[in-house]
Amino acid sequence: MRNLEGRVAIVTGASRGQGEAEARLLAQAGASVLVCDVLEAEGQALVRSLADEGRDARFLALDVSSKQAWDGAIEAVRAWKGRLDILVNNAGIINRKSLDDTTLEAWERLIGINLTGTFLGIQAAARLMRENGGGSIVNISSNSAFSGHYDPAYTASKWGIRGLTRTAAMEYVDWGIRVNSVCPGLIVTGLNANASHLKPMIDLTPMKRSGTPEEVAKLVLFLASEDSSFITGEDFLIDGGFTSGAAYRRVAVESGLYER
Ligand code: NAP
């Protein structure tokens, strides 16, 4: 277990799914974690369960699309611990509509949470991080940010997060702040538990399964910790080989190329 004793972390969208697993693992590694989400009851339950394990965590209601809410979150963490070392910009929603069926309202809501929320989080956190000599920011993008995809608003937001990650990494490197992105493939959570695309995605994934929130959390922990101290501005795919060449692999399998 990587040691985050004395470190202070914010995880957004942390009440359930991948964010919950990330907050739990960072806390188990010794960090004090501010669990931030719009879902209050689930977030409070996570904080209670971490307290039962002897971990240090607090819940804060935070809508990541609000600048005012971010300012409040940074002041809350300053008052709580006086420092911030880790930010995981994890909160996100999907639209799962074709381009023709994406309304302007749905587009703006999704971009407001996924992309503007990440921008606001980076900007707010970096102010406090530079006061304590640096930190690590991990932005949750997606493997849909490596190709075209069937949800245009979601895809644009996740490509945007990759660009924002590199830009922030270059701007903040002198302050000791590293910024990286994590790009998961199919991870079964509340976001997609009943979605019709699960089976075709699993069939096409070279590893023939979905990933787990805990697998993503381990990568986030690595990037949050000093073990990744020479890494900044990078994207980390975690998708069972999907982006590496799932389509060509299928061609090879179906054309008998891999028969042994
Ligand atoms: P999830 O289970 O739906 O969890 C996301 C959490 O964020 C929920 O608690 C959600 O609350 C919260 N949230 C939504 N809008 C928010 C806002 N404005 N401010 C603060 N919190 C907000 O989703 P997940 O699968 O764990 O996804 C986590 C991240 O991974 C997302 O950025 C997602 O795009 C990304 N990702 C997921 C997958 C996947 O296959 N699951 C793949 C690639 C990338 P509500 O339930 O009220 O919306």
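In case you missed it, the structure is sitting above this.
It should be emphasised that the depicted structure is a prediction, and the values quoted were computed from it without experimental measurement.

Caption draft 1: The packing of helix α1 (residues 17–28) against helix α7 (residues 213–224), seen in detail. At a minimum axis separation of 8 Å, α1 and α7 run at an interaxial angle of 50°. Considering the angle they form, α1 stands oblique to α7. Crossing geometry of α1 relative to α7 is assigned as right-handed. Residues G17, Q18, A21, E22, L25 and L26 of α1 touch α7, and the partners they reach there are P213, E214, V216, A217, K218, V220, L221 and A224. Classifying every residue of the contact of α1 with α7 gives nine nonpolar, two polar and three charged.

Caption draft 2: Layout of the nonpolar core. Of all hydrophobic cores here, the largest spans 32 residues; its most connected members are I10, W70, V77 and L84. Here this core takes nine residues from helix α4 (residues 104–131), the largest share from any one element. Residues contacting W70, with those up to four places away along its chain left out, are I10, T12, L62, V64, L87, N89, G117, L120, G121 and A124. By size, the runner-up hydrophobic cluster in this structure holds 31 residues, among which are L25, L50, V138 and I187.

Caption draft 3: Examining the pairing of strand β5 (residues 135–140) more closely. Along β5, six of the six residues are buried, which leaves the element largely enclosed by surrounding structure. With four bridges connecting them, strand β4 (residues 86–89) and β5 associate as parallel partners. Across the sheet, I86 pairs through a bridge with S136, a residue of β5. The parallel pair β4 and β5, bridged by α4, forms a crossover whose chirality is right-handed. Note that β5 and strand β6 (residues 177–184) share six bridges and pair parallel. Opposite I137, over in β6, you have V179 as the bridge partner. Once you follow β5 into helix α5 (residues 152–172) and on to β6, the crossover reads as right-handed.

Caption draft 4: Molecular detail of the site of the ligand. Near the ligand, the surroundings consist of 28 residues, among which Q18, D37, N90, Y154 and T189 are the closest. V64 places a polar main-chain atom, nitrogen or oxygen, 3.0 Å from a nitrogen atom of the ligand. N192 is positioned with one of its side-chain polar atoms (N or O) 3.0 Å from an oxygen atom of the ligand. Starting from 880 Å² of accessible surface for the ligand in isolation, the protein chains cover 91%. When contributions to the shell around the ligand are tallied by element, the ones reaching two or more residues are α1 and α5. Partitioned by chemical class, the residues of the shell around the ligand number 13 nonpolar, eleven polar and four charged.

Analysis parameters
Residues numbered from 1 in each chain as written. Predicted model: local features only at pLDDT ≥ 70, side-chain atom pairs only at ≥ 80, totals over all residues. Heavy atoms only, no water. Axes fitted to C-alpha atoms, helices over the stretch in contact; angles between N-to-C directions. Helix = DSSP H or I, 4+ residues; strand = E, 2+ residues; numbered from the N terminus. Parallel < 35°, antiparallel > 145°, perpendicular 65-115°, else oblique. Left-handed = near helix turned anticlockwise from the far one by under 90°. Contact = heavy atoms within 4.5 Å. Nonpolar A, V, L, I, M, F, W, Y, C, P; charged D, E, K, R; others polar. Core = buried A, V, L, I, M, F, W, Y, C linked by side-chain atoms within 4.5 Å. Buried < 20%, exposed > 50% of the residue type's maximum accessible area, 1.4 Å probe, protein only. Pairing = 2+ DSSP bridges. Right-handed = clockwise from strand over helix to strand, strands pointing away. Near = heavy atom within 4 Å. Polar contact = N/O pair within 3.5 Å; in protein donor to acceptor, adjacent residues only side chain to side chain. Areas by Shrake-Rupley, 256 points an atom, 1.4 Å probe, with all protein chains shown as cover.

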